[in-house]
Amino acid sequence: MLYSTATPEAKRATLRERLAAGELVRLPGAANPLSARLIERHGFEGVYVSGAVLSADLGLPDIGLTTLTEVAGRSGQIARMTDLPTLVDADTGFGEAMNVARTVQEMENAGIAGLHLEDQVNPKRCGHLDGKQVVDEEAALRRIRSAVQARRDPNLLIVARTDIRAVDGLDATIERATRLVEAGADAIFPEAMRSLEEFAAVRAAIDVPILANVTEFGQSELFTEAQLRDVGVNMIIWPVSLLRIAMHAMDGALGVLSQEGGFERLVPQMQHRRELYDLLDYEAYNAFDSGVFNFSVPG
Ligand SMILES: C[C@](O)(C(=O)O)[C@H](CC(=O)O)C(=O)O
Ligand SMILES: [Mg+2]
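Keep in mind that this is a model prediction, so the values were computed, not measured.

**Q** Where do I start with the nonpolar core in this structure?
**A** For soluble globular proteins, nonpolar side chains are generally found buried alongside one another. Grouped together as the largest cluster of nonpolar side chains are 56 residues, with contacts concentrated most on Met107, Leu115, Ile188 and Leu228. At six residues, the largest contribution of residues to this core is made by helix H6 (residues 137-150). In terms of nonpolar packing, the next biggest core, distinct from the first, is built from 14 residues, Leu19, Leu87, Ala113 and Leu157 among them.

**Q** Would you explain the domain arrangement of the chain in this entry?
**A** Accessible area lost upon the coming together of the parts is a frequently used measure of interface size. Splitting the chain by domain gives domain 1 (8-239) and domain 2 (247-287). For domain 1 versus domain 2, the distance between C-alpha centres works out to 32 Å. With four residues of domain 1 at the contact, the number on the domain 2 side is four residues. Summed over both sides, the interface of domain 1 with domain 2 buries roughly 420 Å², with 62% coming from carbon and sulfur.

**Q** What should I look at first to understand the packing of helix H4 (residues 68-80) against helix H5 (residues 97-109) in this one?
**A** Describing two packed helices takes the angle between their axes plus the distance from one axis to the other. Look at H4 against H5: their axes get within 9 Å of each other, and the N-to-C directions meet at 25 degrees. In this view, H4 runs roughly parallel relative to H5, as classed from their interaxial angle. At the point where H4 passes H5, the crossing takes the right-handed sense. Contact residues: Leu68, Val71, Ala72 and Ser75 in H4; Arg102, Thr103, Glu106 and Met107 in H5. Looking at the contact of H4 with H5 residue by residue, the classes come out as four nonpolar, two polar and two charged.

**Q** Mind showing me how you'd approach the sheet that holds strand E4 (residues 114-118) here?
**A** Working definition: the strands of a sheet are paired by backbone hydrogen bonds and lie parallel or antiparallel to each other. Within the open sheet, the five strands sit side by side as E2-E3-E4-E5-E6. Their pairing is parallel. The outermost strands of the open sheet, each flanked by one partner alone, are strand E2 (47-49) and strand E6 (187-190). Averaged over all adjacent pairs, the angle separating strand axes in this sheet is 25 degrees, with direction ignored. Across three bridges, the pairing between E2 and strand E3 (residues 86-89) is parallel. Bridge pairing in E3 links valine 47 to threonine 86.

Rules and cut-offs
- Residues numbered from 1 in each chain as written.
- Chains lettered and ligands numbered in written order.
- Predicted model: local features only at pLDDT ≥ 70, side-chain atom pairs only at ≥ 80, totals over all residues.
- Heavy atoms only, no water.
- Core = buried A, V, L, I, M, F, W, Y, C linked by side-chain atoms within 4.5 Å.
- Buried < 20%, exposed > 50% of the residue type's maximum accessible area, 1.4 Å probe, protein only.
- Helix = DSSP H or I, 4+ residues; strand = E, 2+ residues; numbered from the N terminus.
- Domains from an automatic or database assignment.
- Contact = heavy atoms within 4.5 Å.
- Buried area = accessible area lost by both parts, 1.4 Å probe.
- Axes fitted to C-alpha atoms, helices over the stretch in contact; angles between N-to-C directions.
- Parallel < 35°, antiparallel > 145°, perpendicular 65-115°, else oblique.
- Left-handed = near helix turned anticlockwise from the far one by under 90°.
- Nonpolar A, V, L, I, M, F, W, Y, C, P; charged D, E, K, R; others polar.
- Pairing = 2+ DSSP bridges.

Right under this line is the structure:
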(Lines give C-alpha, C1' and ligand atoms only; values in the text may rest on other atoms or scores of the structure.)
(Ligands and ions follow the chains in the order given, each with its own letter.)
Protein backbone atom coordinates (compact mmCIF):
# COMPACT_ATOMS: atom_id res chain seq x y z
CA MET A 1 0.00 0.00 0.00
CA LEU A 2 1.00 3.61 -0.58
CA TYR A 3 3.87 2.38 -2.00
CA SER A 4 7.63 1.74 -1.79
CA THR A 5 8.53 -0.21 1.31
CA ALA A 6 12.27 0.33 0.86
CA THR A 7 14.09 3.55 1.68
CA PRO A 8 16.02 5.39 -1.03
CA GLU A 9 19.25 4.52 0.79
CA ALA A 10 18.37 0.82 0.73
CA LYS A 11 17.52 0.95 -2.98
CA ARG A 12 20.82 2.64 -3.77
CA ALA A 13 22.69 0.02 -1.76
CA THR A 14 20.83 -2.74 -3.64
CA LEU A 15 21.81 -1.31 -7.00
CA ARG A 16 25.45 -1.05 -5.92
CA GLU A 17 25.43 -4.63 -4.61
CA ARG A 18 23.94 -6.02 -7.81
CA LEU A 19 26.50 -4.26 -9.95
CA ALA A 20 29.36 -5.27 -7.65
CA ALA A 21 28.20 -8.89 -7.83
CA GLY A 22 28.35 -8.72 -11.62
CA GLU A 23 24.58 -9.15 -12.05
CA LEU A 24 22.96 -7.67 -15.12
CA VAL A 25 20.60 -4.84 -14.16
CA ARG A 26 17.69 -4.48 -16.59
CA LEU A 27 15.76 -1.23 -16.44
CA PRO A 28 12.72 -0.80 -18.67
CA GLY A 29 11.61 2.84 -18.94
CA ALA A 30 8.45 3.58 -16.99
CA ALA A 31 5.67 5.15 -19.05
CA ASN A 32 4.11 6.55 -15.87
CA PRO A 33 4.39 5.95 -12.10
CA LEU A 34 2.03 2.96 -12.04
CA SER A 35 3.93 1.17 -14.79
CA ALA A 36 6.88 0.99 -12.37
CA ARG A 37 4.79 -1.56 -10.42
CA LEU A 38 4.35 -3.63 -13.56
CA ILE A 39 8.09 -3.52 -14.19
CA GLU A 40 8.73 -4.75 -10.66
CA ARG A 41 6.13 -7.52 -10.96
CA HIS A 42 7.78 -8.82 -14.09
CA GLY A 43 11.00 -9.38 -12.21
CA PHE A 44 13.23 -6.63 -13.56
CA GLU A 45 16.02 -5.22 -11.43
CA GLY A 46 15.38 -1.52 -11.91
CA VAL A 47 13.20 1.19 -13.40
CA TYR A 48 14.41 3.85 -15.80
CA VAL A 49 13.04 7.39 -16.08
CA SER A 50 13.61 8.59 -19.63
CA GLY A 51 13.97 12.23 -20.58
CA ALA A 52 12.50 11.40 -23.97
CA VAL A 53 9.40 9.91 -22.32
CA LEU A 54 9.09 12.73 -19.84
CA SER A 55 9.29 15.42 -22.48
CA ALA A 56 7.03 13.54 -24.92
CA ASP A 57 4.51 13.10 -22.13
CA LEU A 58 4.41 16.88 -21.80
CA GLY A 59 4.13 17.28 -25.57
CA LEU A 60 7.66 18.66 -25.90
CA PRO A 61 10.57 17.54 -28.08
CA ASP A 62 13.53 16.06 -26.19
CA ILE A 63 15.78 19.11 -26.49
CA GLY A 64 16.30 20.08 -22.88
CA LEU A 65 13.08 22.04 -22.38
CA THR A 66 12.02 20.16 -19.27
CA THR A 67 13.14 21.69 -16.00
CA LEU A 68 14.93 20.16 -13.05
CA THR A 69 11.78 20.56 -10.95
CA GLU A 70 9.67 18.69 -13.49
CA VAL A 71 12.15 15.87 -13.90
CA ALA A 72 12.84 15.48 -10.18
CA GLY A 73 9.10 15.62 -9.45
CA ARG A 74 8.21 12.94 -11.98
CA SER A 75 11.18 10.80 -10.95
CA GLY A 76 10.06 10.97 -7.35
CA GLN A 77 6.54 9.89 -8.31
CA ILE A 78 7.95 6.93 -10.21
CA ALA A 79 10.54 5.94 -7.58
CA ARG A 80 7.82 6.04 -4.91
CA MET A 81 5.89 3.28 -6.69
CA THR A 82 8.56 0.61 -6.51
CA ASP A 83 11.06 -1.09 -4.26
CA LEU A 84 13.38 -1.30 -7.24
CA PRO A 85 16.15 1.23 -7.71
CA THR A 86 15.26 3.98 -10.17
CA LEU A 87 17.79 5.41 -12.62
CA VAL A 88 17.01 8.86 -14.01
CA ASP A 89 18.02 10.62 -17.20
CA ALA A 90 19.29 13.98 -15.97
CA ASP A 91 20.21 15.15 -19.49
CA THR A 92 23.10 17.63 -19.31
CA GLY A 93 22.47 18.32 -15.62
CA PHE A 94 20.30 21.37 -16.33
CA GLY A 95 23.25 23.72 -16.61
CA GLU A 96 26.94 23.68 -15.80
CA ALA A 97 28.85 22.61 -12.70
CA MET A 98 26.90 24.46 -10.03
CA ASN A 99 23.54 23.51 -11.56
CA VAL A 100 24.69 19.90 -11.77
CA ALA A 101 25.39 19.98 -8.02
CA ARG A 102 21.87 21.23 -7.37
CA THR A 103 20.46 18.61 -9.75
CA VAL A 104 22.19 15.80 -7.88
CA GLN A 105 20.84 16.93 -4.53
CA GLU A 106 17.29 17.40 -5.82
CA MET A 107 17.43 13.95 -7.38
CA GLU A 108 18.64 12.48 -4.11
CA ASN A 109 15.73 14.17 -2.38
CA ALA A 110 13.40 12.57 -4.94
CA GLY A 111 14.50 9.15 -3.73
CA ILE A 112 16.17 7.91 -6.86
CA ALA A 113 19.09 5.46 -6.92
CA GLY A 114 21.15 6.89 -9.75
CA LEU A 115 21.25 9.35 -12.61
CA HIS A 116 23.07 9.88 -15.86
CA LEU A 117 24.64 13.11 -17.01
CA GLU A 118 25.65 13.56 -20.62
CA ASP A 119 28.30 15.59 -22.39
CA GLN A 120 26.12 17.16 -25.08
CA VAL A 121 25.95 20.91 -25.53
CA ASN A 122 22.70 22.68 -24.83
CA PRO A 123 20.25 22.55 -26.51
CA LYS A 124 20.74 18.79 -26.47
CA ARG A 125 18.94 16.27 -28.63
CA CYS A 126 18.11 12.59 -28.67
CA GLY A 127 21.37 10.66 -28.75
CA HIS A 128 20.26 8.74 -31.83
CA LEU A 129 19.79 11.78 -34.08
CA ASP A 130 22.34 13.32 -36.39
CA GLY A 131 23.98 16.69 -35.82
CA LYS A 132 24.88 16.29 -32.15
CA GLN A 133 27.60 18.34 -30.51
CA VAL A 134 29.51 17.64 -27.33
CA VAL A 135 31.26 19.92 -24.87
CA ASP A 136 35.03 19.82 -24.56
CA GLU A 137 36.71 17.39 -22.21
CA GLU A 138 37.18 19.86 -19.38
CA ALA A 139 33.50 20.86 -19.33
CA ALA A 140 32.42 17.21 -19.48
CA LEU A 141 34.70 16.27 -16.57
CA ARG A 142 33.57 19.26 -14.53
CA ARG A 143 29.95 18.08 -14.73
CA ILE A 144 30.92 14.68 -13.33
CA ARG A 145 33.26 16.03 -10.66
CA SER A 146 30.63 18.38 -9.41
CA ALA A 147 28.01 15.60 -9.33
CA VAL A 148 30.33 13.39 -7.30
CA GLN A 149 31.16 16.22 -4.93
CA ALA A 150 27.51 17.18 -4.42
CA ARG A 151 26.02 13.78 -3.57
CA ARG A 152 25.42 13.14 0.10
CA ASP A 153 24.75 9.45 -0.23
CA PRO A 154 27.95 7.83 -1.52
CA ASN A 155 25.80 5.05 -3.00
CA LEU A 156 23.98 7.38 -5.40
CA LEU A 157 25.11 6.00 -8.75
CA ILE A 158 26.55 8.67 -11.04
CA VAL A 159 26.58 7.45 -14.60
CA ALA A 160 28.48 9.50 -17.15
CA ARG A 161 26.96 9.36 -20.61
CA THR A 162 29.07 10.32 -23.55
CA ASP A 163 27.60 11.21 -26.91
CA ILE A 164 31.00 11.63 -28.53
CA ARG A 165 30.76 8.43 -30.64
CA ALA A 166 28.61 10.18 -33.25
CA VAL A 167 30.92 13.21 -33.36
CA ASP A 168 34.49 11.84 -33.14
CA GLY A 169 34.20 8.05 -33.29
CA LEU A 170 35.02 5.07 -31.13
CA ASP A 171 38.59 5.97 -30.10
CA ALA A 172 37.37 9.31 -28.81
CA THR A 173 34.62 7.48 -26.91
CA ILE A 174 37.16 5.27 -25.18
CA GLU A 175 39.38 8.23 -24.40
CA ARG A 176 36.49 10.23 -22.96
CA ALA A 177 35.08 7.29 -21.02
CA THR A 178 38.48 6.73 -19.43
CA ARG A 179 38.71 10.39 -18.37
CA LEU A 180 35.11 10.37 -17.05
CA VAL A 181 35.93 7.38 -14.85
CA GLU A 182 39.02 9.19 -13.55
CA ALA A 183 36.74 12.15 -12.75
CA GLY A 184 34.68 9.87 -10.51
CA ALA A 185 31.93 8.41 -12.71
CA ASP A 186 30.60 5.17 -11.23
CA ALA A 187 29.49 3.83 -14.62
CA ILE A 188 29.65 4.77 -18.29
CA PHE A 189 26.81 5.06 -20.80
CA PRO A 190 28.38 5.08 -24.26
CA GLU A 191 25.55 6.45 -26.41
CA ALA A 192 24.68 5.31 -29.93
CA MET A 193 27.18 2.46 -30.24
CA ARG A 194 27.17 1.04 -33.75
CA SER A 195 27.94 -2.60 -32.97
CA LEU A 196 28.46 -5.15 -30.23
CA GLU A 197 32.19 -4.94 -30.93
CA GLU A 198 32.07 -1.27 -29.96
CA PHE A 199 30.53 -2.17 -26.62
CA ALA A 200 33.22 -4.81 -26.17
CA ALA A 201 35.93 -2.23 -26.90
CA VAL A 202 34.56 0.17 -24.29
CA ARG A 203 34.22 -2.73 -21.86
CA ALA A 204 37.87 -3.68 -22.35
CA ALA A 205 39.07 -0.11 -21.76
CA ILE A 206 37.40 0.69 -18.43
CA ASP A 207 36.64 -1.25 -15.29
CA VAL A 208 33.36 0.30 -14.14
CA PRO A 209 29.89 -0.94 -15.19
CA ILE A 210 28.64 0.07 -18.63
CA LEU A 211 25.09 0.78 -19.72
CA ALA A 212 23.50 -0.03 -23.06
CA ASN A 213 20.58 1.94 -24.46
CA VAL A 214 18.20 -0.18 -26.53
CA THR A 215 15.94 2.33 -28.20
CA GLU A 216 13.80 1.67 -31.26
CA PHE A 217 14.18 3.62 -34.50
CA GLY A 218 17.66 4.76 -33.47
CA GLN A 219 21.23 4.26 -34.66
CA SER A 220 21.96 1.06 -32.77
CA GLU A 221 20.50 -2.30 -33.67
CA LEU A 222 18.03 -3.66 -31.15
CA PHE A 223 20.57 -5.88 -29.43
CA THR A 224 19.16 -8.54 -27.14
CA GLU A 225 19.81 -8.94 -23.47
CA ALA A 226 21.88 -12.07 -24.17
CA GLN A 227 24.03 -10.31 -26.78
CA LEU A 228 24.71 -7.37 -24.50
CA ARG A 229 25.47 -9.61 -21.55
CA ASP A 230 27.99 -11.49 -23.70
CA VAL A 231 29.96 -8.34 -24.45
CA GLY A 232 30.07 -7.40 -20.78
CA VAL A 233 27.30 -4.84 -20.53
CA ASN A 234 26.07 -4.42 -16.93
CA MET A 235 22.92 -2.30 -17.27
CA ILE A 236 20.38 -2.19 -20.09
CA ILE A 237 17.67 0.42 -20.59
CA TRP A 238 14.70 0.19 -22.95
CA PRO A 239 13.82 3.82 -22.42
CA VAL A 240 10.85 4.64 -24.62
CA SER A 241 9.39 1.24 -25.59
CA LEU A 242 6.48 1.17 -23.12
CA LEU A 243 5.41 4.67 -24.11
CA ARG A 244 5.64 3.83 -27.81
CA ILE A 245 3.52 0.72 -27.25
CA ALA A 246 0.95 2.59 -25.17
CA MET A 247 0.71 5.52 -27.60
CA HIS A 248 0.33 3.20 -30.58
CA ALA A 249 -2.42 1.29 -28.76
CA MET A 250 -4.23 4.53 -27.86
CA ASP A 251 -3.98 5.76 -31.43
CA GLY A 252 -5.51 2.53 -32.77
CA ALA A 253 -8.19 2.52 -30.09
CA LEU A 254 -9.29 6.05 -30.93
CA GLY A 255 -9.58 4.96 -34.55
CA VAL A 256 -11.90 2.17 -33.43
CA LEU A 257 -13.95 4.57 -31.30
CA SER A 258 -14.39 7.02 -34.15
CA GLN A 259 -15.34 4.23 -36.61
CA GLU A 260 -17.49 2.09 -34.38
CA GLY A 261 -18.89 4.52 -31.85
CA GLY A 262 -17.60 2.49 -28.91
CA PHE A 263 -14.62 0.61 -27.48
CA GLU A 264 -16.45 -2.66 -26.98
CA ARG A 265 -14.37 -4.66 -29.46
CA LEU A 266 -11.23 -3.68 -27.57
CA VAL A 267 -12.40 -4.70 -24.11
CA PRO A 268 -10.43 -8.00 -24.21
CA GLN A 269 -7.28 -5.96 -24.80
CA MET A 270 -7.88 -3.70 -21.82
CA GLN A 271 -6.36 -3.95 -18.38
CA HIS A 272 -9.29 -5.27 -16.37
CA ARG A 273 -10.56 -3.25 -13.46
CA ARG A 274 -9.62 -6.24 -11.29
CA GLU A 275 -6.03 -6.15 -12.59
CA LEU A 276 -5.83 -2.43 -11.99
CA TYR A 277 -7.06 -2.76 -8.42
CA ASP A 278 -4.67 -5.61 -7.82
CA LEU A 279 -1.78 -3.53 -9.13
CA LEU A 280 -2.87 -0.65 -6.92
CA ASP A 281 -3.06 -3.03 -3.94
CA TYR A 282 -6.53 -1.69 -3.34
CA GLU A 283 -7.37 -4.47 -0.90
CA ALA A 284 -4.51 -3.54 1.40
CA TYR A 285 -6.16 -0.20 1.97
CA ASN A 286 -9.06 -2.18 3.37
CA ALA A 287 -6.89 -3.71 6.06
CA PHE A 288 -6.16 -0.15 7.09
CA ASP A 289 -9.77 0.98 6.96
CA SER A 290 -12.36 -1.75 6.48
CA GLY A 291 -14.80 0.61 4.80
CA VAL A 292 -12.60 1.01 1.72
CA PHE A 293 -12.76 -2.28 -0.17
CA ASN A 294 -16.18 -3.66 0.67
CA PHE A 295 -17.52 -4.09 -2.87
CA SER A 296 -17.16 -6.72 -5.56
CA VAL A 297 -15.90 -6.04 -9.05
CA PRO A 298 -18.36 -6.96 -11.82
CA GLY A 299 -17.21 -9.30 -14.58
C1 LIG B 1 17.91 7.39 -23.53
C2 LIG B 1 17.34 8.71 -23.92
O3 LIG B 1 18.23 9.72 -23.51
C4 LIG B 1 16.02 8.97 -23.18
O5 LIG B 1 15.74 10.15 -22.95
O6 LIG B 1 15.29 8.03 -22.93
C7 LIG B 1 17.04 8.85 -25.44
C8 LIG B 1 16.15 7.77 -25.98
C9 LIG B 1 15.55 8.06 -27.35
O10 LIG B 1 15.29 9.24 -27.67
O11 LIG B 1 15.27 7.11 -28.07
C12 LIG B 1 18.37 8.95 -26.20
O13 LIG B 1 18.88 10.05 -26.32
O14 LIG B 1 18.89 7.91 -26.63
MG1 LIG C 1 17.42 11.41 -22.76
